[in-house]
Amino acid sequence: MDLGNDFFLTRFSVKEDMEAVLRRGPWFIGEYFLSIRPWEPFFKLAVANVSAIVVWVRLYDLLRELYEAEVLKQIGEAIGKVLRINTHTA
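Our subject in this report is the structure included herewith. (Residues numbered from 1 in each chain as written. Predicted model: local features only at pLDDT ≥ 70, side-chain atom pairs only at ≥ 80, totals over all residues. Heavy atoms only, no water.)

## Quick word on the environment of Gly-80
Mapped onto the secondary structure, Gly-80 falls in the segment after helix H2 (69–77). Since its relative accessible area comes to 33%, Gly-80 is described here as partly exposed. Along the backbone, Gly-80 and Ile-29 are 51 residues apart, and their C-alpha atoms lie at a distance of 25 Å. (Helix = DSSP H or I, 4+ residues; strand = E, 2+ residues; numbered from the N terminus. Buried < 20%, exposed > 50% of the residue type's maximum accessible area, 1.4 Å probe, protein only.)

## Considerations on the packing of aromatic side chains
We describe a pair of aromatic rings using the distance from one ring centre to the other and the angle between the two ring planes. This model, assessed by the stated rule, comprises three aromatic pairs. Residues Trp-39 and Phe-43 carry aromatic rings whose centres are separated by 5.3 Å and whose planes lie at 50 degrees to one another, so their mutual orientation is tilted. The class of Trp-39 is exposed, set by a relative accessible area of 51%. Grouping aromatic residues by their ring pairs yields a cluster made of Phe-7, Trp-39 and Phe-43. (Phe/Tyr/Trp six-rings, centres within 6.5 Å; stacked < 30°, edge-to-face > 60°.)

## Describing a nonpolar patch on the surface
Taken together, Phe-12, Met-18, Leu-22, Trp-27, Ile-29, Leu-34 and Ile-36 make up a surface patch of nonpolar side chains, about 560 Å² in accessible area. Mapped by element, the contributors of at least two residues to the nonpolar patch are helix H1 (15–23) and strand S3 (27–29). Locating Leu-22 in the fold gives a position in helix H1. The exposure class of Leu-22 is partly exposed, given its relative accessible area of 34%. (Patch = residues over 30% accessible without salt bridge, like charges linked within 9 Å, V, L, I, M, F, W, Y side chains within 5 Å. Areas by Shrake-Rupley, 256 points an atom, 1.4 Å probe, with all protein chains shown as cover. Salt bridge = Lys/Arg side-chain N within 4 Å of Asp/Glu carboxyl O.)

## Details of unusual backbone geometry
Look at Asp-6: it is not a glycine, yet its phi comes out positive at around 65 degrees. A relative accessible area of 73% places Asp-6 in the exposed class. A positive phi angle is found at Asp-61, which is not glycine, with a value near 60 degrees. Mapping Asp-61 onto the fold places it in the loop between strand S4 (32–34) and H2.

This is the structure we're talking about:
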C-alpha cells in the first residue's frame, strides 16, 4: 500500500517471511535501494524520516590475509557501526 512520501506498507501472511525480508538484503527495485523496517505503532507520515540505514560494503581486491573478522571489523568501523561480518571469499 502506498502511504505517500515514498513510504509503502506491506503485510506478510507468514511471520517467517517478514523476518526473512528484514534479515536478508540489501533490497532493490531497479536501481532504487529499499530501506525496510518493521511497522511502528502510531506511525506518523508527516514527521517520519530515515535517520540511519544499513548498507552492505564489498571490498574488492582485498588481500586474502586481511579476510579476518577483526581486520574487517576495523575497516567497517571506519565507516560506521558494524552489524555483521562475512569473511567468505569467492
